[in-house]
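Residues per chain, in single letters:
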Amino acid sequence: MTTVVAFNVAREPAAARILADGSVIWPTRKLPPAEDDHAALSAAVVLADGGELVGVTLGQGDPVWAAARGTTRVLRISDVVVGDDDSATAAALAAAVAEVDGADLVVLGDSEHHPGLAPALAGHLGWPCVLAAAAAARVGEGVEVTRRIGGVEETISARLPVVIAIVAEGEETSPPGMKTMLTARRLPVHDLVATDLALEPVPPLEPVQTRPPSSAAARLFDGDPQQAVGELIKALRSEGVL
Amino acid sequence: MTTQFDAEYDIIVVGAGASGLSAAVEAVKNGNTVAVLEKLDSVGGRGQFVEGSTAFESAEQKKRGIEVTRAQGFKALMDESQWRANAEVVSAFVHNAATTIRKLSDIGAVWEDVTIYAYEQESELKTMHWAEGEGARIIELMVKAARDGGAEIYLSTAATELLTESGRVVGLVAKDADGQLLKLGAKAVILAGGGYASSPEMMEKHSWYGKNARYFVDLGTPGNTGDGMNMAVAAGGATAETGSVLLMPVAKGKTITSHVSGAGSQPYLWVNTSGRRFTDEVVAMNFSDAANVIAQCDQGTSFTVFDQATKSHLETDGSDISLGTFIPYHAPLDRMDAELEQDLTTGTAAKADTVAELAEMIGVPPQALALTIARYNEMVDGGVDDDFYKPAKYLRAISHPPYYAVRMVAGTLVSVGGIKVNGSFQVVGEGTDAPIPGLYAVGAEASGIYGDTYPLTVPGNISGFSYTSGWLAADHASAQIVKEAALV
């Protein structure tokens, strides 16, 4: 009976930088925590109930972030990076979970931008999956999951093993302090590589085209014609057209 | 004795605003381990409210056919300071500001325009680079670039004391989000706390305005409490031109986007608490100078008086001045009535059918106000301001009731004097020209490019200076670290 929490496994658009030429720069070293990750970790701490809580992550995951929030050890597949291919991410996570003895419960953030990740992970594991969870607790041999959808709160009982995807209902209220973060550096991290887990290499999805968001709307030059033409020429110069 | 540290970094940056983040981005780019300590629970500080950024001879200026040379910039800044500015510091800024624009482009900034700040302000140089998303977007980009480079950013973590050994700074003491104290080692500390504008005590003690500063309204985030200056002084650092602060007129109790505040900022009739006119209100064109005028009034307070006809003019024809993106030039101030519903009850504004009643409501002598308005209307009729020489187009009669008065005070944007630095942004020791090894100050924490006040004639200069001084300090510190490592 071991609780696993997957973190830093969803690459969210807010993490990207978009340059003037439209190219997209994703973080290369550490992926910022996804917006639901802190809630997933809080829920996982409750579910672990003082027992072992194993964090699993991929190449850009930050073990210190998780360790400072309650994981007892972290298992990281260091040469697999989080990209846009949720099925590949899920396969790698499933392989990592399989390395954890007695794992019967996996908690992760229910990413709005990667809604397929938790179901795909459950599919790889062959476990059921509860999405959109707000909170969860172990009850007897199973878990009780609370979720709020459309103003209705429902409680779901699930047997183990199960994957639970947590939705954050707000920002993290009290992140750990610097001293706790520094202490967390000393907690164990077990780095694996894909070949350790017999993971088949998956070619990354490569975007073939990007375009700016449609909100970059047309600009209207109206009013006095002479002034408007002047403004138009100025704008064309500013864009490098003239 | 060697201090035992909880953690050691190459460079620690104190403050995650415009200058601190610029320093962090450059420091990690140079291969350093970097921690950024931010005492607030969010990044950005007053850098979030930046509108545009000064540069000279930038690629963005060149492609728009704008020519503002470095020499012009240098001279303008030195002249504006009455040559009280530090020429080394001004030169470093002027020489490198264009590189700042390119560096920010490299991390994703898109420059939408290069222009001036206030229309009809003919003396302004076209130096203001407006970024898409303005300062908040730049902050976002710098945070991402710094983190991606490996910088650790700790929020709710305040530096409290610099640690020194044999005259050099070797680290600092910090208090983290849980209230725990840490000793952190660093080969260099860059102070980027943004000055002291959030501290009423320091404003009263250090700004040029003394006790009147008690009436100022702080318009920024609350973290700029002068910690950097206090720590630097405690470590033997010198200060310079500490009195210089960047102010902006604002209606008491309002924000700078308020339309009532916008009306109060117009170059119409301004009176003091004695009910007398006291200046050429065309100073309103330059918000910094305008606030300096108001700040010196009794109780740091003035009243902008206008009538119903002028109110209608503002609602339909729009603002006669530009307050950047807050109140654009000619933007109709059509939210006034909605705001006045509250402002008339709080004393921010007054409305009356007679001048005497208006005077009573704002607490000025009725007879004095009546005489002032009579004299003003006389000059309006004659089309010439014989008292303060305001251009005739801003002479608007006060003759159609109801009459309005908006209570104006000085709002503090940021202090712009503080720690004395050299041209490499090293903190200079008190009583000596020698730098304190391992200690830097940047942005509004540093002094050097201002004299008495903020010069709007070079618009965008505090943000341009903050970004530029940040990365320049990081470059110098990086080079020192490499040099010192080679000596070991």
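All chains use their own residue numbering, which begins from 1 and follows the written sequence. Chain labels run from A onward and ligand labels from 1 onward, assigned in the order the entries are written. Where totals are concerned, whole chains, interfaces and linings use all residues; where local detail is concerned, this predicted model gives features only for residues with pLDDT of at least 70, and gives and counts side-chain atom pairs only at 80 or more. Only hydrogens and water are removed before side-chain values are computed, so all heavy atoms of the structure are retained for them.

### Examining the overall build of chain B
Phase 1 of the analysis: Only runs of H or I of at least four residues qualify as helices and only runs of E of at least two qualify as strands under DSSP, and these elements are numbered from the N terminus. Regarding its fold elements, chain B presents 14 helices and 19 strands.
Phase 2 of the analysis: Each radius of gyration reported is based on C-alpha atoms, and the globular scaling rule is 2.2 Å times the count of residues to the power 0.38. Taking 2.2 N^0.38 as the reference for a compact globule, 488 residues should give roughly 23 Å; the C-alpha atoms of chain B span a radius of gyration of 24 Å, in line with that estimate.
Phase 3 of the analysis: Projected onto the principal axes, the alpha-carbon positions of chain B cover approximately 80 × 50 × 40 Å.
Phase 4 of the analysis: For chain B, buried positions account for 61% of its 488 residues. Buried residues are those whose accessible area, probed at 1.4 Å on protein chains only, stays under 20% of the maximum for their type, while exposed residues exceed 50% and partly exposed ones sit between those limits.

### Section: the overall build of chain A
Phase 1 of the analysis: Scanning chain A from N- to C-terminus turns up six helices and 12 strands.
Phase 2 of the analysis: When its C-alpha atoms are laid out on the principal axes, chain A stretches across 80 × 45 × 40 Å.
Phase 3 of the analysis: Here chain A holds 242 residues, and the buried ones make up 45% of them.
Phase 4 of the analysis: Residue contacts are defined here by distance: any two heavy atoms, one from each residue, within 4.5 Å place the two residues in contact. By sequence separation, contacts in chain A at least 24 residues apart represent 66% of the contacts at least 6 residues apart.
Phase 5 of the analysis: Here the accessible surface of atoms and residues is derived via Shrake-Rupley with a 1.4 Å probe, and residues count as covered only by protein chains that are part of the display. Just so you have it, chain A exposes about 12,700 Å², and 54% of that area is on carbon and sulfur atoms.
Phase 6 of the analysis: Two residue types count as positive, namely Lys and Arg, and two as negative, namely Asp and Glu; His and chain ends fall outside the count. Each charge is placed at NZ for Lys, CZ for Arg, CG for Asp and CD for Glu. Across chain A, the centroid of the 18 positively charged side chains sits 8 Å from that of the 32 negatively charged ones.

### As for the domain arrangement of chain A
Phase 1 of the analysis: Assigned domains of chain A: these are domain 1 (2-197) and domain 2 (216-242).
Phase 2 of the analysis: What fixes the domain bounds is an automatic or database domain assignment. Of note, the centres of domain 1 of chain A and domain 2 of chain A, computed from C-alpha atoms alone, are 49 Å apart.

### Considerations on the sheet that holds strand E8 (residues 135-139) of chain A
All names here are of chain A.
Phase 1 of the analysis: For two strands to be treated as a pair, DSSP must find no fewer than two bridges joining them. With antiparallel pairing, three strands are arranged side by side in an open sheet as E8-E9-E10. Each of the sheet's edge strands pairs with one partner strand only, and the pair in question is E8 and strand E10 (152-159). On average, each strand axis in the sheet is inclined to that of its neighbour by 20°, with strand direction left out of account.
Phase 2 of the analysis: The sheet contact formed by strand E9 (residues 142-149) and E10 spans eight bridges and is antiparallel. Residue pairing in the sheet places glutamate 144 in a bridge with serine 157 of E10. Axes here mean lines fitted to C-alpha atoms, for a helix over just the part in contact, with angles spanning 0 to 180 degrees between N-to-C directions.

### Looking at the packing of aromatic side chains
Residue and element names in this part refer to chain B.
Phase 1 of the analysis: Any two of the Phe, Tyr and Trp rings considered here, Trp counted by its six-membered ring, make a pair once their centres fall within 6.5 Å; the pair's planes then place it as stacked at under 30 degrees, edge-to-face at over 60, or tilted in between. Evaluation of the coordinates by the stated rule reveals 10 aromatic pairs over all chains.
Phase 2 of the analysis: Look at phenylalanine 306 and tyrosine 404: their rings are 5.6 Å apart centre to centre, the planes differ by 15°, and that puts the pair in the stacked class. Taken as a pair, phenylalanine 306 in strand E14 (residues 301-307) and tyrosine 404 in strand E16 (residues 403-415) lie far apart in primary sequence, 98 residues in all.
Phase 3 of the analysis: Assessed through its relative accessible area of 4%, tyrosine 404 is described here as buried.

### Details of the sheet that holds strand E5 (residues 128-131) of chain B
Residue and element names in this part refer to chain B.
Phase 1 of the analysis: The strand order E3-E5-E4 describes an open sheet built from three strands, whose pairing is antiparallel. Strands at the two margins of the open sheet, each flanked by one partner only, are strand E3 (52-54) and strand E4 (111-115). Pairwise comparison of adjacent strand axes, ignoring direction, gives a mean angle of 30° for this sheet.
Phase 2 of the analysis: Bridge count for E3 against E5 is three bridges, and the pairing is antiparallel.

### Concerning helix H11 (residues 336-346) of chain B
Residue and element names in this part refer to chain B.
Phase 1 of the analysis: Of all the positions in H11, only Met336, Glu339, Leu340 and Asp343 are classed as buried. In a view along the axis of H11, the buried residues occupy a sector of 105°, so they form one face of it. Those residues of H11 that are exposed and aimed more than 90 degrees away from the buried face are Ala338, Glu341, Gln342 and Thr345.
Phase 2 of the analysis: In this structure, the buried residues of H11 make contact with helix H8 (259-264), helix H10 (308-316), strand E15 (349-352) and E16. When we speak of the arc, we mean the arc of directions from the helix axis to the C-beta atoms.

### Focus: the interface of chain A and chain B
As a measure of interface size, the accessible area lost when the parts come together is often cited.
Phase 1 of the analysis: Each partner contributes to the interface: chain A provides 23 residues, whereas chain B provides 29 residues.
Phase 2 of the analysis: Two parts placed together each lose some accessible area under a 1.4 Å probe, and adding up what both lose gives the buried area. The contact between chain A and chain B buries some 2,100 Å² in all, and 50% of this surface belongs to carbon and sulfur atoms.
Phase 3 of the analysis: Taken as a group, Arg17(A), Met178(A) and Lys179(A) account for 35% of the area that chain A buries against chain B, more than any other trio of residues on that side.
Phase 4 of the analysis: Each salt bridge in this description consists of a side-chain nitrogen of Lys or Arg and a carboxyl oxygen of Asp or Glu lying within 4 Å of one another. At the junction of chain A with chain B, the criterion picks out three salt bridges.
Phase 5 of the analysis: For Asp6(B), the salt bridge identified is with Lys179(A), shortest N-O distance 3.8 Å.

### Things to note about a nonpolar patch on the surface
Residues and elements named next belong to chain A.
Phase 1 of the analysis: Together, Val229, Ile233, Val241 and Leu242 make up a nonpolar patch on the protein surface, roughly 360 Å² of accessible area in all.
Phase 2 of the analysis: Mapped onto the elements, isoleucine 233 comes out in helix H6 (residues 225-238).
Phase 3 of the analysis: For isoleucine 233, a relative accessible area of 34% puts it in the partly exposed group. Patch construction takes residues with relative accessible area above 30% that form no salt bridge. Like charges are linked within 9 Å, and nonpolar side chains (Val, Leu, Ile, Met, Phe, Trp, Tyr) are linked within 5 Å.

### Side note on the pattern of salt bridges
All names here are of chain B.
Phase 1 of the analysis: Tallied over the entire structure, the rule returns 37 salt bridges over all chains.
Phase 2 of the analysis: Measuring nitrogen to oxygen at the nearest pair gives 3.1 Å for the salt bridge that ties aspartate 106 to arginine 102. Pair noted here: aspartate 106 and arginine 102 are both in helix H4 (residues 87-106), with a separation of four residues, about one helical turn.
Phase 3 of the analysis: A salt bridge links arginine 375 to aspartate 387; the shortest N-O distance between them is 2.8 Å. Of the two residues, arginine 375 sits in helix H13 (residues 366-382) while aspartate 387 sits in the loop between H13 and E16, which places them 12 residues apart along the sequence.
Phase 4 of the analysis: Residues participating in the shared-partner salt-bridge network are Lys254, Arg335, Glu339 and Asp343.

### Focus: the confidence of the model for chain B
Phase 1 of the analysis: Looking at chain B as a whole, the pLDDT averages 95, with 99% of positions reaching at least 70.
Phase 2 of the analysis: Among the scores for the predicted complex, ipTM is 0.89 and pTM is 0.91. Predictor confidence is given residue by residue as pLDDT, running from a minimum of 0 to a maximum of 100.

### Some details on the domain arrangement of chain B
Residue and element names in this part refer to chain B.
Phase 1 of the analysis: Here chain B is partitioned into domain 1 (7-241 + 417-487) and domain 2 (245-412).
Phase 2 of the analysis: Facing the 26 residues of domain 1 at the interface are 30 residues of domain 2.
Phase 3 of the analysis: Taking both partners together, domain 1 and domain 2 bury about 2,400 Å²; carbon and sulfur atoms supply 59% of that area.
Phase 4 of the analysis: In this structure, the connection of domain 1 to domain 2 is made through zero salt bridges.
Phase 5 of the analysis: Identification of polar contacts relies on pairs of N or O atoms within 3.5 Å, with a donor-acceptor requirement for protein atoms, meaning one able to donate a hydrogen and the other able to accept it, and with residues adjacent in sequence counted only if both atoms are side-chain atoms. Our count for the contact surface shared by domain 1 and domain 2 stands at 12 residue pairs in polar contact (both at pLDDT 80 or more).
Phase 6 of the analysis: Amino acids outside the nonpolar list (Ala, Val, Leu, Ile, Met, Phe, Trp, Tyr, Cys, Pro) and the charged list (Asp, Glu, Lys, Arg) are all regarded as polar, and Gly is one of them. Looking at side-chain class alone, the side of domain 1 that touches domain 2 contains 16 nonpolar, five polar and five charged residues.

### Some details on a negative patch on the surface
Phase 1 of the analysis: Together, Asp79(A), Glu99(A), Asp101(A) and Asp196(A) line one region of the surface with negative charge.
Phase 2 of the analysis: What makes Asp196(A) partly exposed here is its relative accessible area of 48%.

### Let's talk about the nonpolar core
Within soluble globular proteins, side chains that are nonpolar tend to cluster in buried spots.
Phase 1 of the analysis: For this analysis, a nonpolar core means a set of buried residues of the types Ala, Val, Leu, Ile, Met, Phe, Trp, Tyr and Cys, connected via side-chain atoms within 4.5 Å. Counting residues in each nonpolar core, the largest one holds 144 residues, and the members touching the most others are Leu172(B), Leu184(B) and Leu191(B).
Phase 2 of the analysis: In terms of residues, this core owes the most to one element, helix H14 (residues 461-487) of chain B, which gives nine residues.
Phase 3 of the analysis: In contact with Leu184(B), other than residues within four places in its own chain, are Met178(A), Leu182(A), Phe5(B), Ala7(B), Tyr9(B), Ile12(B), Leu37(B), Val170(B), Gly171(B), Leu172(B) and Ala174(B).
Phase 4 of the analysis: Val56(A), Val97(A), Leu121(A) and Leu125(A) belong to the second largest nonpolar core, which has 34 residues in total.

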